[in-house]
Amino acid sequence: MCGIVGYVGCKEATPVLINTLKKLEYRGYDSAGIAVMNDDEILVRKAKGALKVLEEMVVKEVIKGSIGIGHTRWATHGEPSDINAHPHTNVSGSIAIVHNGIVENYAKLKEQLQAQGIVFKSQTDTEVIAHLVNFFYEQTNDIFEAVKLALKKLEGSYALGVICKDYPDRIIAARKDSPLIVGLGKGENFIASDVPAVLEYTREVYFLDQKELAVVYSDHVDLFTEDGEKIIKEPFHVDWDMASAEKGGYAHFMLKEIYEQPKALRDTLHPRLVLEGNKPVDIKFDEMDFSSIFKNVERIIITACGTAYHAGVAARYIFEEFARVPVVVDVASEFRYRNPIISNKDVVIIISQSGETADTLAALRLAKEAGAQVIAITNCVGSTASREADKVIYTWAGPEIAVASTKAYTTQLMCLCLLALKMAYSRNTISKLEYEKLLSGLNEVPEKVEQVLKDQSIVQKFASQNFNKSKVFYIGRLIDSASSLESALKLKEVSYMHSEAFAAGELKHGPIALIDTDTLVVGIATQKALYEKINSNMEEVKSRGAATLVIGQGDTSVFNRSADTVITVPETEDMFAAIVSIIPVQLFAYYCSVLKGNNPDKPRNLAKSVTVE
């Protein structure tokens, strides 16, 4: 959601804050603001709109000060405006805060504060925190105590940065259910919502855990529990290449990340393959002991949100095909509230690119409370999911900056394929010969993705002919229906075109009534045994005036009449084809977005990590 940063050191804070906010702009871009300690006052500058509006504002004046906090906002309470932008202050302006999260009991707290004569300036839930901290500061005259006491009154989620005029040498930071890191520099220290913000300055970070606080000075950092007990923890060294968080000559991060997928897939796959010569013969997960996990498993539950959920839907087919274990897939926001039936013979797989998705973390905790073994699949080392799950499998995708996930999705699928094959072999549902054949096929997937990316012209041309369609429907059967879900999401996320996904067999049960000449239907067809079925569906929509595209593998000549355009990807084992066939639809979504004049990296109303409900 929102992005927060903070700096304390010997440099001028303003340019550092602006620079670090640029690295977090994907988290929120409705408005932006900074608060800088300037002699005996806190100067606040904030503005509605993209970060460049704030940047242009602050370059016109010299704001002196070496300690400050900053924010990019993704609006929840209160419309995007200058007044609702962060930072927020107490009435006198002596305390300033930035906040990522939602204060669920803000209305009650606001009413109590207003009864004491406090006048609110904004419509945000965050302003409550500033006045609440001030209330306790007037009682304690200690800013750390005031923040600690205020947090005990808050219900909901928060990542906070707080500065106080009377304490001009420190930032108070705290988190609950919203991510926050502390960057450790030399003679300077930082806070930020995410690692990319501080990579230019340091690679040593603390990941704050649930309900932890930090007091950040220029020369040291003190960590505390919510009750004020001091904590000692080891910093984490970030080994990302700085270039991986930059565009590297591509027009947009989304396009760069689409093209990074062959490398990301290899990085995720190759360290886990056991080779005899050049032949893969087994899978090793340093992260877990399979004998203990799979021994008594009766069911797999997969839960996630958005793109990660779609990876889970695809995985259901893969696990059931190879491991012959029943699989339930649930949207995490539904799973956490529907009183699910979970036992200690279930394995629960939670999937989250950031490892900080609020609903997914709640599902993880619910599953653990019920006694299930929990495996997290995430891209972020040190994330909450990686720390709280029983076992963790990392997708080595590197930083994903664009809001719409691409390489996160394919590397999640790669991890799920590896997990399913290892489980199948461990349970003797596939033979050693089949196992090694499947591993060889999986090992070829990154190269086949690379082949698809070598010629994007057919996708670009098709996008130029169809980006103005009013309706786009994706259809598929079996695992292709999962790919259809992700395809429709990707298009609507970045192009704002109305797109939906249907299991192809459901067309005649209602959706076909929507087909007309302003409709595009994309058939994803990688399950070769069902080509005739999907071809029949494409004939049905084409005869009603729809434009048609088929994405298939192998011999796709059956679609020559029913499809206006056929994109044929390299032939792959049916259960792995979802990794390869998603590439053209990612490119199609990207080109439609660009053709419409949108910024595919920062789609409206969306944020990279949904760390609040």
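About the cut-offs
Residues numbered from 1 in each chain as written. Predicted model: local features only at pLDDT ≥ 70, side-chain atom pairs only at ≥ 80, totals over all residues. Heavy atoms only, no water. Helix = DSSP H or I, 4+ residues; strand = E, 2+ residues; numbered from the N terminus. Buried < 20%, exposed > 50% of the residue type's maximum accessible area, 1.4 Å probe, protein only. Contact = heavy atoms within 4.5 Å. Lys, Arg positive; Asp, Glu negative; His and termini not counted. Charge placed at Lys NZ, Arg CZ, Asp CG, Glu CD. pLDDT = per-residue confidence, 0-100. Salt bridge = Lys/Arg side-chain N within 4 Å of Asp/Glu carboxyl O. Axes fitted to C-alpha atoms, helices over the stretch in contact; angles between N-to-C directions. Parallel < 35°, antiparallel > 145°, perpendicular 65-115°, else oblique. Left-handed = near helix turned anticlockwise from the far one by under 90°. Nonpolar A, V, L, I, M, F, W, Y, C, P; charged D, E, K, R; others polar. Disulfide = S-S within 2.5 Å. Phe/Tyr/Trp six-rings, centres within 6.5 Å; stacked < 30°, edge-to-face > 60°. Pairing = 2+ DSSP bridges.

Novice: Explain the overall build of the chain to me, please; I cannot follow it from the model alone.
Specialist: Secondary structure summary: the chain contains 19 helices and 27 strands in total. Across its three principal directions, the C-alpha atoms of the chain cover 75 × 55 × 45 Å. Residues classed as buried in the chain amount to 62% of the 613 residues present. For the chain, the share of sequence-separated contacts (at least 6 apart) that also reach a separation of at least 24 residues comes to 71%. When the 67 positive and 80 negative side-chain charges of the chain are each reduced to one mean point, those points stand 3 Å apart.

Novice: In this structure, what is going on with the confidence of the model for the chain? I would like to understand it.
Specialist: A low pLDDT score tells you not to read the predicted coordinates there in detail. Counting all residues, the mean pLDDT for the chain is 90, and 95% of those residues have values of 70 or more. Averaged pLDDT values for the elements of the chain fall to 69 in helix α8 (residues 290-294) and rise to 97 in helix α14 (residues 432-443).

Novice: Looking at this structure, how should I read the pattern of salt bridges?
Specialist: Once their charged atoms are close, side chains differing in charge can pair, the charge on each being opposite to the other. A complete count under the given rule lists 34 salt bridges for this structure. In this structure, the salt-bridge partner of R45 is E61, at a minimum N-O distance of 2.6 Å. Of this pair, R45 sits in strand β3 (residues 41-48) while E61 sits in the loop between α2 (51-58) and β4 (67-73), placing them 16 residues apart in sequence. R45 sits in the partly exposed class, given a relative accessible area of 22%. Overall, E61 belongs to the partly exposed group, its relative accessible area being 29%. Put simply, D209, E212, K233 and R387 are held in one network by salt bridges that share partners.

Novice: For this particular structure, what's the right way to read the packing of helix α1 (residues 13-23) against α2?
Specialist: When two helices pack together, their arrangement is captured by the angle between the axes and the distance separating the axes. Running from N to C, α1 and α2 cross one another at 170°; their axes reach a closest spacing of 11 Å. As far as their axial angle goes, α2 and α1 are roughly antiparallel. The two elements α1 and α2 cross, and the hand of that crossing is left-handed. Contacts between α1 and α2 pair T14, I18, L21 and K22 from the former with L51, L54, E55 and V58 from the latter. Considered class by class, the residues forming the contact of α1 with α2 number 5 nonpolar, 1 polar and 2 charged.

Novice: I'm lost on the state of the cysteines in this one. Help?
Specialist: Under the definition given, this model contains 0 disulfides. Left unpaired, C417 is separated from the closest cysteine sulfur, that of C415, by 9.4 Å. Take C417: its relative accessible area is 1%, and that puts it in the buried class.

Novice: I keep staring at the packing of aromatic side chains and nothing clicks. Help me out?
Specialist: For any pair of aromatic rings, geometry is given as the distance between the ring centres together with the angle between the planes. Inspection of the entire model under this criterion finds 13 aromatic pairs. Here the aromatic rings of F135 and F136 are separated by 5.1 Å at their centres, their planes lie at 80°, and the arrangement is edge-to-face. Classification of F136 by relative accessible area gives buried; the value is 9%. What links up through ring pairs into an aromatic cluster is the set Y7, F190 and Y201.

Novice: Just checking my understanding: could you explain the sheet that holds strand β25 (residues 519-525) for this structure?
Specialist: Paired through their backbone hydrogen bonds, the strands of a sheet run either parallel or antiparallel. As summarised here, the arrangement of the 5 strands in space is β24-β23-β25-β26-β27, forming an open sheet in which the pairing is parallel. In the strand order of this sheet, the two ends are held by β24 (499-503) and β27 (565-569), each with one partner. On average, each strand axis in the sheet is inclined to that of its neighbour by 20°, with strand direction left out of account. In terms of strand pairing, β25 meets strand β26 (residues 547-553) through 6 bridges, oriented parallel. Bridge pairing in β26 places I524 opposite I551. The sheet contacts of helix α17 (residues 479-495) involve β23 (471-476), β24 and β25, and relative to β23 the element is tilted by about 160°. Its contacts with the sheet put helix α19 (residues 577-595) on β23, β25, β26 and β27, and the angle it makes with β26 is roughly 145°.

Novice: Mind showing me how you'd approach α1 here?
Specialist: Judged by how many residues are buried, α1 sits mostly within the fold: 9 of 11 residues are covered. Taken as a whole, α1 has its buried residues at A13, T14, V16, L17, I18, N19, T20, L21 and K23. Close packing links the buried residues of α1 with β1 (3-8), β2 (31-38), α2, β4 and β10 (189-192).

Novice: Would you take a moment to explain the packing of helix α4 (residues 126-140) against helix α5 (residues 143-151) for this structure?
Specialist: Where α4 meets α5, the closest approach of the two axes is 8 Å, and the angle between their N-to-C directions is 130°. Classified by the angle between their axes, α4 and α5 sit oblique to one another. Considering the relative orientation of α4 and α5, their crossing is right-handed. On the side of α4, the interface is formed by L132, V133, F136, Y137 and T140, while α5 contributes I143, E145, A146, V147, L149 and A150. The class makeup of the residues in the contact of α4 with α5 is 9 nonpolar, 1 polar and 1 charged.

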